[in-house]
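Secondary and tertiary structure notes
Here is what each chain is made of, one letter per residue.
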Number of protein chains: 4
Amino acid sequence: MIKVGIVGGTGYTGVELLRLLTQHPHVSVEAITSRSEAGVKVSDMYPNLRGHYDTLAFSEPDAQQLGAMDAVFFATPHGVAHALAGELLDNGTRIIDLSADFRLRDAAEWAAWYGQPHGAPALLDEAVYGLPEKHREKIKTARLVAVPGCYPTAVQLGYLPLLEAGLVDTDRLIADCKSGVTGAGRGAKVGSLLAEASESMKAYGASGHRHLPEIRQGLADMQGGSVGLTFVPHLTPMIRGIHATLYATLSQEPGDLQARFEQRFANEPFVDVMPAGSHPETRSVKGINTCRIAIHRQENSNTVVVLSVIDNLVKGASGQAIQNLNLMFGFDETTGLNAPAIMP
Amino acid sequence: MIKVGIVGGTGYTGVELLRLLTQHPHVSVEAITSRSEAGVKVSDMYPNLRGHYDTLAFSEPDAQQLGAMDAVFFATPHGVAHALAGELLDNGTRIIDLSADFRLRDAAEWAAWYGQPHGAPALLDEAVYGLPEKHREKIKTARLVAVPGCYPTAVQLGYLPLLEAGLVDTDRLIADCKSGVTGAGRGAKVGSLLAEASESMKAYGASGHRHLPEIRQGLADMQGGSVGLTFVPHLTPMIRGIHATLYATLSQEPGDLQARFEQRFANEPFVDVMPAGSHPETRSVKGINTCRIAIHRQENSNTVVVLSVIDNLVKGASGQAIQNLNLMFGFDETTGLNAPAIMP
Amino acid sequence: MIKVGIVGGTGYTGVELLRLLTQHPHVSVEAITSRSEAGVKVSDMYPNLRGHYDTLAFSEPDAQQLGAMDAVFFATPHGVAHALAGELLDNGTRIIDLSADFRLRDAAEWAAWYGQPHGAPALLDEAVYGLPEKHREKIKTARLVAVPGCYPTAVQLGYLPLLEAGLVDTDRLIADCKSGVTGAGRGAKVGSLLAEASESMKAYGASGHRHLPEIRQGLADMQGGSVGLTFVPHLTPMIRGIHATLYATLSQEPGDLQARFEQRFANEPFVDVMPAGSHPETRSVKGINTCRIAIHRQENSNTVVVLSVIDNLVKGASGQAIQNLNLMFGFDETTGLNAPAIMP
Amino acid sequence: MIKVGIVGGTGYTGVELLRLLTQHPHVSVEAITSRSEAGVKVSDMYPNLRGHYDTLAFSEPDAQQLGAMDAVFFATPHGVAHALAGELLDNGTRIIDLSADFRLRDAAEWAAWYGQPHGAPALLDEAVYGLPEKHREKIKTARLVAVPGCYPTAVQLGYLPLLEAGLVDTDRLIADCKSGVTGAGRGAKVGSLLAEASESMKAYGASGHRHLPEIRQGLADMQGGSVGLTFVPHLTPMIRGIHATLYATLSQEPGDLQARFEQRFANEPFVDVMPAGSHPETRSVKGINTCRIAIHRQENSNTVVVLSVIDNLVKGASGQAIQNLNLMFGFDETTGLNAPAIMP
């Protein structure tokens with residue numbers, strides 16, 4: 001049994017960690033911090049947790065308490081992990097950061113997109129990008145893992161077999177992505193009200209979004225060289241789920257694409273290549289850590305279309321964080337992540 | 001490990017049994033029948049089950065195969081269990097019937113509401129009404145359990161402490177109930193289309209609904225004597241969940257109602273009496289077997305209002321069925337039913 | 001053509017007034033005020049208004065400007081109309097107040113429910129309660145009309161024929177009401193987020209709600225004497241619509257209830273008594289000023305159930321406000337309110 | 001006043017024609033046909049129409065009755081207009097066909113996509129494609145207008161300024177489109193149930209969809225020569241609305257794209273070019289005939305992204321049909337189509 005803490009636990013990724021960890025036999029949540037809700041029991045804020053964690057309450061962040069943990073999850077806005085990571089690592093606590101703080105390797109690029117200097121550039125070298133399907137071995141020994149963003153996870157997994165095999169023109173990749181509203185977090189914004197966001201669809205960030213450099217960095221790693229990517233996210237009237245529709249132009253005859261995808265992911269416990277002709281639904285991964293993928297090629301066209309769906313709060317955040325923890329601590333990779341999705 | 005079969009597995013209660021049973025360590029699903037989908041793999045019909053039950057396919061109902069099971073669930077329209085129950089019981093197979101076939105003790109009343117003669121009146125005497133909070137001991141030894149309907153479960157649990165204590169006027173109980181659309185099943189009906197049922201609220205069956213006699217029978221058992229009940233169900237634009245708002249007139253000063261409810265359900269693993277002043281949300285029980293209850297009394301009023309929420313497919317059907325199975329086979333009552341609800 | 005102003009125009013009732021008034025041939029909106037959005041064009045905030053009101057912008061409230069109007073709508077939180085009403089009336093401007101400021105005749109009761117002294121008790125005598133189906137003649141000559149709340153409108157219209165005819169026991173009326181989320185306004189509250197309020201149903205204010213005294217006052221007017229009313233509102237996962245389910249015990253044989261309702265409302269342009277056995281859907285009144293009503297009586301029961309649906313932003317607010325304006329200024333009562341609901 | 005008939009009036013485009021035509025001062029609906037619902041009053045099937053068309057009932061299709069109309073709308077599955085068009089035209093009745101029967105100019109291509117021979121190839125020469133923004137003058141004198149499909153309308157309007165000006169590479173256009181569920185019609189299909197389609201997003205027809213040849217034909221007309229188009233539609237959990245996200249690679253520096261779009265559509269009453277940087281929401285066109293468009297170009301990219309939203313039942317079907325009728329009969333083009341969208 002390992003002891004873990006959660007920093008910034010009032011948001012959706014925080015409560016999702018709590019929910020998922022009820023099913024983990026080797027993890028005990030010993031602390032969950034929130035300045036604004038300090039003293040409030042987690043089950044008072046999230047009644048789905050009544051009967052679980054009945055004594056756990058939010059507390060003020062306390063470096064000493066956190067430093068006594070085996071691992072700490074950061075479920076915080078950007079900048080917070082920068083400030084605390086060094087001290088925790090020095091104490092021997094391993095870090096699984098769900099925020100954007102250590103996803104980009106280039107501190108200058110980080111600063112440009114987040115509008116403030118990078119707060120811990122000295123740690124960038126050892127931070128490991130926590131996409132197990134690409135970096136599993138490094139994750140196992142990492143002290144500091146940057147859990148990928150939700151869009152970046154769906155997009156990278158969908159493009160992975162194509163780019164690793166060098167089959168497509170990387171100058172003009174197009175990722176059209178649709179997300180449920182929990183992607184915008186639990187903040188009380190008018191645009192996220194049911195009265196505003198339901199019964200409607202809209203794009204946002206069409207001129208540039210913070211996940212763009214993260215995706216570009218990840219895709220470039222797959223093939224070598226830079227990529228030209230257009231990424232447009234859309235707000236979809238549902239609670240959870242990301243549907244990434246990925247377009248790429250074939251640069252050569254690819255052979256049997258379906259077989260290529262199936263082979264690449266044959267040993268991946270959380271990537272499900274659907275049968276040829278499928279159209280995965282986001283609801284089929286609601287609440288679980290699976291990414292389901294389907295591949296299409298329209299007749300007489302050299303454009304390949306990849307459909308990739310995840311739950312933004314699970315494989316796109318808290319589930320993938322636990323998958324990383326499992327790897328880091330030598331547990332079976334699927335521990336605590338075995339339940340099927342709820343459907344309908 | 002016991003072997004179970006599911007008759008009529010293509011509907012929502014069937015797939016929900018499959019989903020929940022993935023978490024049950026002592027049950028193996030050996031057969032699932034469907035005339036219309038015979039030969040289809042369950043994971044082709046319900047992609048959330050991919051990676052679970054990968055070899056299980058729907059089959060034609062076969063009495064011999066079913067008779068080799070320790071228990072059989074009926075997730076069928078009314079009338080089917082009537083036809084098969086006798087033979088299965090003779091084979092020593094125990095039956096957990098999620099349909100309405102054995103809920104009413106009076107065959108004539110059943111015939112009146114369902115428009116056909118009761119098909120197995122000889123079995124009515126031994127059928128046990130599977131509401132564990134009321135009939136736990138009888139369930140443990142039952143061969144044939146009738147799982148309560150979804151509305152009846154929410155309504156009976158909410159009224160239980162009031163009626164058992166004889167605190168209210170039973171001549172004029174009012175149960176105003178709201179259900180998500182899965183209550184209407186998986187049938188392709190125009191009225192259940194997203195385009196018709198979302199962004200709207202309506203009552204149905206306001207002049208009389210089939211769950212009325214079941215609820216009346218159950219409430220009458222609690223206090224003795226008959227009850228006068230008005231029950232109006234409403235179709236709510238959500239997938240799952242029942243919210244029962246129950247009204248009763250106090251016939252005497254009741255003392256501390258909150259304490260009465262807490263005491264009555266203190267040892268019930270699946271009834272959660274919320275703190276005074278609470279308003280339970282249906283989403284707080286999404287996917288789980290819990291009924292959450294709150295009690296209100298408006299100032300200067302002798303009307304008590306009980307709010308009772310369940311997931312219609314879990315505590316209102318498949319979860320309660322497994323709770324009954326656990327009791328019947330001597331497993332811990334909560335086995336396989338421990339995960340928290342997904343929220344948000 | 002009359003000139004009107006809207007005070008507090010950024011909320012949902014404000015924009016709904018603007019939307020509806022585009023169809024009114026005799027009204028020109030000359031001013032719309034908002035301290036927080038002063039200078040912003042209404043069509044920038046509400047893109048549905050692009051192509052309409054293209055030059056109208058929010059402005060600081062200005063008593064002189066408002067005093068030059070023929071009529072002013074208040075679409076404000078409580079207390080604002082108290083402060084401005086006297087001066088406007090003195091200038092000859094007539095007031096249609098959508099807030100709660102002048103709905104209760106008793107200043108002390110108002111103060112008790114709203115937690116502050118009544119700000120204009122001297123005007124209470126002349127304020128007319130703007131439910132045209134009850135007070136049409138007084139409205140025609142009123143200088144100050146208090147537009148009924150959304151729940152009170154649906155509840156009063158549903159009970160009206162029963163109470164005027166003295167058919168039911170008024171000691172124990174029960175109004176179980178369901179509202180879409182726009183009833184909670186446009187404020188950015190966590191509980192109103194799509195991620196929190198969709199796919200769920202809950203009651204609120206079950207121990208007492210501010211609309212209770214307004215409804216009680218209105219019902220008491222219908223029959224004489226006081227009424228005992230239990231009112232429980234529920235938050236429903238949809239944008240618009242109120243569904244009131246009303247219960248009453250018959251105190252005598254009522255004759256043909258359907259005919260009584262049809263006769264009572266035969267000349268009402270905005271009350272539609274549905275055929276016997278109907279279940280009105282809230283979507284059938286989306287965007288329009290109609291209240292649809294159906295009456296049910298379950299077999300062997302002396303409980304009558306009335307189903308009453310409105311659009312909370314139209315008949316429950318802005319549409320009824322325009323209906324009042326039409327009466328006050330001698331226009332045909334339906335002017336500008338003739339379009340059918342959108343369905344689906 | 002002209003007399004019109006509607007063939008196949010029970011579907012969503014039929015009822016939407018009825019709804020919109022209540023606001024048209026020069027059109028009288030004299031007949032609406034449906035074999036399955038003959039004899040049923042339209043207001044019994046669609047309660048939003050109660051108080052409008054109170055005497056209109058569905059009738060069996062009758063060529064003589066329809067031949068007495070000035071115009072007939074076909075709101076039918078494909079093939080029906082083929083069978084009836086010739087006789088009606090011979091009688092002098094003008095036809096506005098909302099089905100796919102006359103959209104493709106090439107009978108062989110039609111036969112290939114619809115799996116049956118074209119039923120009226122002799123009429124193809126005179127059929128006019130009813131996209132007023134492209135073919136306004138021909139529409140004015142047409143006897144037979146093929147109303148564009150919903151996706152084709154959103155896609156063509158979005159690409160129009162780019163293709164007419166020859167600014168983009170037409171070999172690799174990508175149209176990623178999202179539609180509400182009414183696009184699938186009123187048929188009772190499991191996949192369209194609220195329990196199946198809400199809280200989820202999925203693509204469909206990713207390997208080829210019937211609207212593809214229609215869009216290709218329209219785009220080819222704009223620039224000359226053929227186009228290479230990848231079109232992927234998605235089912236979105238909302239009732240109405242299409243959001244088309246259009247990608248194109250610039251083949252030259254385009255100058256001020258915003259200004260180009262504004263100029264191209266300056267005189268179009270139903271195309272609204274939003275301010276630079278906008279993200280149009282589908283709800284901003286709910287119920288109205290407007291297409292709202294925004295243009296984006298990400299930094300250091302030669303990919304232009306056009307966002308184009310319509311209501312699939314209005315500009316994508318019934319509203320555009322009435323716009324065509326207005327042109328054909330010399331009415332002001334916006335007659336009956338002036339109301340703003342409902343929002344929220």
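Residues numbered from 1 in each chain as written. Chains lettered and ligands numbered in written order. Predicted model: local features only at pLDDT ≥ 70, side-chain atom pairs only at ≥ 80, totals over all residues. Heavy atoms only, no water.

All names here are of chain A. When the UniProt feature table is mapped onto this chain, "active site" (unreviewed entry) is found at Cys 150. As for its placement among the helices and strands, Cys 150 is situated in helix α7 (residues 150-164). Given a relative accessible area of 14%, Cys 150 falls into the buried group. (UniProt positions renumbered as here; feature names shortened; annotations may be inferred. Helix = DSSP H or I, 4+ residues; strand = E, 2+ residues; numbered from the N terminus. Buried < 20%, exposed > 50% of the residue type's maximum accessible area, 1.4 Å probe, protein only.)

Moving on to the domain arrangement of chain A. Put simply, an interface is often sized by how much accessible area is lost when its parts join up. All names here are of chain A. Each assigned domain of chain A is listed with its residue range as follows: domain 1 (2-126) and domain 2 (151-312). Taking only C-alpha atoms, the centre of domain 1 and the centre of domain 2 are 27 Å apart. Contacts between the two partners involve 14 residues from domain 1, matched on the other side by 15 residues from domain 2. Interface area, domain 1 with domain 2, both sides summed: about 1,300 Å², of which 50% is carbon and sulfur. On inspection of domain 1 and its partner domain 2, the count reaches three salt bridges. (Domains from an automatic or database assignment. Contact = heavy atoms within 4.5 Å. Buried area = accessible area lost by both parts, 1.4 Å probe. Salt bridge = Lys/Arg side-chain N within 4 Å of Asp/Glu carboxyl O.)

Superposing chain D onto chain C takes a rotation of 180 degrees plus a shift of 0.0 Å along the axis, which leaves an RMSD of 0.0 Å. Here the symmetry operator amounts to a two-fold rotation axis. Closest to the rotation axis within chain D is the C-alpha of Glu 199 of chain D, separated from it by 4.2 Å. Both copies contact each other with a shared surface, as 100% of the interface residues of chain D are interface residues in chain C too. (Least-squares fit on C-alpha atoms with pLDDT ≥ 70 in both.)

When the UniProt feature table is mapped onto this chain numbering, "domain: Semialdehyde dehydrogenase NAD-binding" (unreviewed entry) sits at residues 3-142 of chain A. The distance separating the terminal C-alpha atoms of residues 3-142 of chain A is 17 Å; by composition the span is 34% helix and 17% strand.

One pass over the full model with this rule turns up eight cavities of 30 Å³ or more. Roughly 240 Å³ of volume is contained in the largest cavity. In this structure, the largest cavity is lined by 17 residues; those nearest its centre are Ser 198 and Pro 237 of chain A, Ser 198 and Pro 237 of chain C together with Pro 237 of chain D. Partitioning the lining of the largest cavity into residue classes produces nine nonpolar, four polar and four charged. (1 Å grid on protein atoms, 1.4 Å probe; cavity = no way out; pocket = protein on both sides within 12 Å on 5 of 7 lines; lining within 4 Å. Points joined across faces, edges and corners; volume = space filled by probe spheres on them. Nonpolar A, V, L, I, M, F, W, Y, C, P; charged D, E, K, R; others polar.)

Applying the stated criterion across every chain yields a total of twelve aromatic pairs over all chains. Between Tyr 151 of chain C and Phe 231 of chain C, the aromatic rings sit 5.2 Å apart at their centres with planes inclined by 70 degrees, giving edge-to-face as the arrangement. A residue pair is termed long-range when its members are at least 10 positions apart, and Tyr 151 of chain C in helix α7 (residues 150-164) and Phe 231 of chain C in strand β10 (residues 229-235) qualify at 80 residues. The pair formed by Tyr 151 of chain C and Phe 231 of chain C is uniform in burial state, with each residue classed as buried. Here the guanidinium or amino end of Arg 94 of chain A rests over the ring plane of Phe 329 of chain A, the centre of that ring lying 4.9 Å away. (Phe/Tyr/Trp six-rings, centres within 6.5 Å; stacked < 30°, edge-to-face > 60°. Lys NZ or Arg CZ within 6 Å of the ring centre and 35° of its normal.)

So, about the pattern of salt bridges. All names here are of chain B. Evaluated as defined, the whole model comprises 84 salt bridges over all chains. In this structure, Arg 105 and Asp 221 form a salt bridge, with 3.0 Å as the shortest nitrogen-oxygen distance. With a gap of 116 residues between them, Arg 105 in the loop between β5 (94-97) and α5 (107-114) and Asp 221 in helix α9 (residues 211-223) connect regions that are remote in the sequence. On the basis of relative accessibility, which here comes to 51%, the residue Arg 105 falls in the exposed class. Salt-bridge contacts for Glu 253 lead to Arg 297; the nearest nitrogen and oxygen are separated by 3.1 Å. Taken as a pair, Glu 253 in the loop between β11 (242-249) and α10 (257-264) and Arg 297 in strand β13 (residues 291-297) lie far apart in primary sequence, 44 residues in all.

The subject of this paragraph is the interface of chain D and chain A. Contact residues are listed per partner, giving 47 residues for chain D and 47 residues for chain A. Interface of chain D and chain A: buried area, both sides summed, is about 3,900 Å²; carbon and sulfur atoms make up 49% of it. On the chain D side of the contact with chain A, Arg 172, Glu 199 and Gln 298 of chain D bury the most area, a combined 19% of that side's loss. Where chain D packs against chain A, one counts four salt bridges. In this structure, Glu 196 of chain A and Arg 283 of chain D form a salt bridge, with 2.6 Å as the shortest nitrogen-oxygen distance. The interface formed by chain D and chain A contains 33 residue pairs in polar contact (both at pLDDT 80 or more). If you list the elements that add at least two residues to the side of chain D that touches chain A, you get β8 (173-179), α8 (194-197), β9 (202-203), β10 (229-235), β11 (242-249) and β14 (303-310) of chain D. Per-class residue counts for the side of chain D that touches chain A are 20 nonpolar, 16 polar and eleven charged. (Polar contact = N/O pair within 3.5 Å; in protein donor to acceptor, adjacent residues only side chain to side chain.)

Note the cis peptide between Met 343 of chain C and Pro 344 of chain C, where omega equals 5 degrees. As for its placement among the helices and strands, Pro 344 of chain C is situated in the segment after α11 (314-328). Even without being glycine, Glu 199 of chain A reaches a positive phi, approximately 50 degrees. Mapped onto the elements, Glu 199 of chain A comes out in the loop between α8 (194-197) and β9 (202-203). Residue Glu 199 of chain A is classed as buried on the basis of its relative accessible area, which comes to 7%.

In this section: the pairing of β8 of chain D. Residues and elements named next belong to chain D. Most of β8 sits out of view: seven of its seven residues are buried. As judged from the seven bridges shared by β8 and β10, these two strands associate in the parallel manner. Note on β10: the bridge partner recorded for Asp 176 is Val 232. Where β8 lies against β11, six bridges are found, and the strand directions are antiparallel. Bridging across to β11, Lys 178 finds its partner in His 243. (Pairing = 2+ DSSP bridges.)

All names here are of chain C. Running from N to C, α7 and helix α10 (residues 257-264) cross one another at 110 degrees; their axes reach a closest spacing of 10 Å. Taken together, the axes of α7 and α10 are roughly perpendicular relative to one another. Between α7 and α10, the residues in contact are Gly 158, Leu 160, Pro 161, Leu 162 and Glu 164 and Leu 257, Phe 261 and Arg 264, respectively. Taken together, the residues of the contact of α7 with α10 sort by class into five nonpolar, one polar and two charged. (Axes fitted to C-alpha atoms, helices over the stretch in contact; angles between N-to-C directions. Parallel < 35°, antiparallel > 145°, perpendicular 65-115°, else oblique.)

Here the focus is the interface of chain D and chain C. Listed per partner, the contact involves 32 residues of chain D and 32 residues of chain C. Taken together, the two surfaces of chain D and chain C that pack against each other cover about 2,600 Å², and 61% of this comes from carbon and sulfur. The largest contributions to the chain D side of the interface with chain C come from Arg 50, Ile 342 and Pro 344 of chain D, which together make up 25% of the buried area. Our count for the contact surface shared by chain D and chain C stands at two salt bridges. Close ionic contact of Asp 272 of chain D with Arg 50 of chain C constitutes a salt bridge, the shortest N to O distance being 2.6 Å. Remark: the boundary between chain D and chain C carries twelve residue pairs in polar contact (both at pLDDT 80 or more). Breaking the side of chain D that touches chain C down by element, the ones donating at least two residues are α1 (12-21) and β12 (271-273) of chain D. A per-class count over the side of chain D that touches chain C returns 15 nonpolar, nine polar and eight charged.

What follows is about the sheet that holds strand β2 (residues 27-33) of chain C. Residue and element names in this part refer to chain C. The seven strands are arranged β3-β2-β1-β4-β5-β7-β6 in an open sheet whose pairing can be described as parallel. The sheet terminates laterally at β3 (58-59) and β6 (128-129), the two strands that pair on one side only. Here four bridges tie strand β4 (residues 71-74) to strand β5 (residues 94-97), and the two strands are oriented parallel to one another. Across the sheet, the residue bridging to Val 72 is Ile 95, located in β5.

Residues and elements named next belong to chain D. The seven strands are arranged β9-β10-β8-β11-β14-β13-β12 in an open sheet whose pairing can be described as mixed. The open sheet is flanked by β9 and β12, the only strands paired with a single partner. Relative to the sheet, helix α7 (residues 150-164) contacts β8, β10, β11, β12, β13 (291-297) and β14, its axis offset from that of β11 by approximately 35 degrees.

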